[in-house]
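Take a look at the letters that make up each chain.
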Protein chains: 2
Amino acid sequence: MQLTRYTDYAIRVLLHVGARDEGSLSSISEIASIYGISKSHLMKVVQDLGQAGFLTTVRGRNGGLKLGRDARAITIGEIVRHAEQGFDLVDCSSCIIAPACGLPNILNEATQAFLAVLDRYTLADVLSRRADLRGLFGGFQPLAKTIKRVAEKAEPDVADAERTSTDT
Amino acid sequence: MQLTRYTDYAIRVLLHVGARDEGSLSSISEIASIYGISKSHLMKVVQDLGQAGFLTTVRGRNGGLKLGRDARAITIGEIVRHAEQGFDLVDCSSCIIAPACGLPNILNEATQAFLAVLDRYTLADVLSRRADLRGLFGGFQPLAKTIKRVAEKAEPDVADAERTSTDT
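Bear in mind the structure is a predicted one, so any value in this text is a computation, not a measurement.

Caption draft 1: Structural context of the relation of the copies chain A and chain B. With an RMSD of 0.0 Å, the operation that places chain A on chain B is a rotation of 180° combined with a shift of 0.0 Å along the axis. Put plainly, the chains are arranged around a two-fold axis. Looking at the rotation axis and the C-alpha trace of chain A, the residue lying nearest is F114 of chain A, at 2.5 Å. Residue by residue, 100% of the interface of chain A is reproduced at the interface of chain B, so both copies engage with the same surface.

Below, the structure written as structure tokens:
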């Protein structure tokens, strides 16, 4: 049993954005680089989270992403319900005994119990070790520096050349 | 969120076998034919369910499959725990923030709540509309007839030819 990769990415994005200081913004490039996830995959997730109100995009030169609401007001259940395609745990659509089978009701009851637990926790709870998370995220350098670092990673030859010319 | 196809098939097999009368046996061919599932997929599932004690194989000319234990003594939780590969709902193995992230504990608590519901129900509960299920399964003809029907399905030309020669 697994959640989709989409849900996994959605939670990762919200954790990165939520772990920052007030007024400090995340960028898609930075999130992609830190988690080792393709930027194109993240674009869709970020856009979707924005439309659903979980994220707000600040435009402009110093723009970026921030949470759409306080982390204490976003439940994990809400994120998972939004990001998952559905909760039909088995595909009964082509099963000959579906009309008389007791399984769907039982699986539905179990799924409701699963989601009820997730409804009791917020993004703030997942971020409770915030200082440790910030350390693991690399301390959140100012956005300009992060973009430079990401650009260097993407073009290591250029970065190496710059470093060599500085060394000499 | 979905259970694996393997778990789906395991439950379907146990439902087919469990819906029969005492002393009446299911065959892999019959189960494959009724659900429209490939026989080779089912072989592995049946063998595995046998090794785990959910099924017993009766050998010989009138052999087949029966439940290894009473349907009231087999919980759905037990079947799902056995058939699923695991319950790591997201793959944290490559995630940089795993050491400080609050998500795994929360997902684990939710999964335990999910399984606790499944532990409260037995195969007998899923089979509670047994008469209807038996009807949907085609009334469980004696095994010899079922094998003939399955063989006819596999070679419709031969069956048609036989039917035509009887008609004339």
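Caption draft 2: Examining the confidence of the model for chain A more closely. Looking at chain A as a whole, its pLDDT mean stands at 85, while 83% of the residues score no less than 70. Interface predicted TM-score (ipTM) for the complex: 0.80; the corresponding pTM is 0.80.

Caption draft 3: Fine view of the environment of Y35 of chain A. You can see Y35 of chain A is positioned in helix α2 (residues 28-35). With relative accessibility at 5%, the residue Y35 of chain A sits in the buried group. Each C-alpha atom of the pair Y35 of chain A and C92 of chain A lies 36 Å from the other, and the pair is 57 residues apart in sequence. When near neighbours in sequence (up to four residues on either side) are disregarded, Y35 of chain A contacts R12, V13, L15, H16 and F137 of chain A together with C95, I96 and I97 of chain B. A polar contact of 2.8 Å, which involves the side chain of Y35 of chain A, links it to the backbone oxygen of R12 of chain A.

Caption draft 4: Seen up close, the pairing of strand β2 (residues 64-67) of chain A. Looking at chain direction, strand β1 (residues 55-58) of chain A and β2 of chain A are connected through 4 bridges and run antiparallel. Bridge pairing links T57 of chain A to L65 of chain A in β2 of chain A.

Caption draft 5: Main features of the state of the cysteines. Following the criterion strictly, the structure yields 0 disulfides over all chains and no others. With no disulfide of its own, C95 of chain A lies closest to C92 of chain A among cysteine sulfurs, the gap being 6.4 Å.

Caption draft 6: The arrangement of the packing of aromatic side chains in detail. All names here are of chain A. Taken as a whole and judged by the stated rule, the model has 2 aromatic pairs over all chains. On the numbers, 5.8 Å between centres and 85° between planes, the contact of Y35 with F137 is edge-to-face. Pair noted here: Y35 is in helix α2 and F137 is in the loop between α7 (130-136) and α8 (143-154), with a separation of 102 residues, a long-range link. A single burial state applies to Y35 and to F137, both of which are buried.

Rules used in this analysis
Residues numbered from 1 in each chain as written. Chains lettered and ligands numbered in written order. Predicted model: local features only at pLDDT ≥ 70, side-chain atom pairs only at ≥ 80, totals over all residues. Heavy atoms only, no water. Least-squares fit on C-alpha atoms with pLDDT ≥ 70 in both. Contact = heavy atoms within 4.5 Å. pLDDT = per-residue confidence, 0-100. Helix = DSSP H or I, 4+ residues; strand = E, 2+ residues; numbered from the N terminus. Buried < 20%, exposed > 50% of the residue type's maximum accessible area, 1.4 Å probe, protein only. Polar contact = N/O pair within 3.5 Å; in protein donor to acceptor, adjacent residues only side chain to side chain. Pairing = 2+ DSSP bridges. Disulfide = S-S within 2.5 Å. Phe/Tyr/Trp six-rings, centres within 6.5 Å; stacked < 30°, edge-to-face > 60°.

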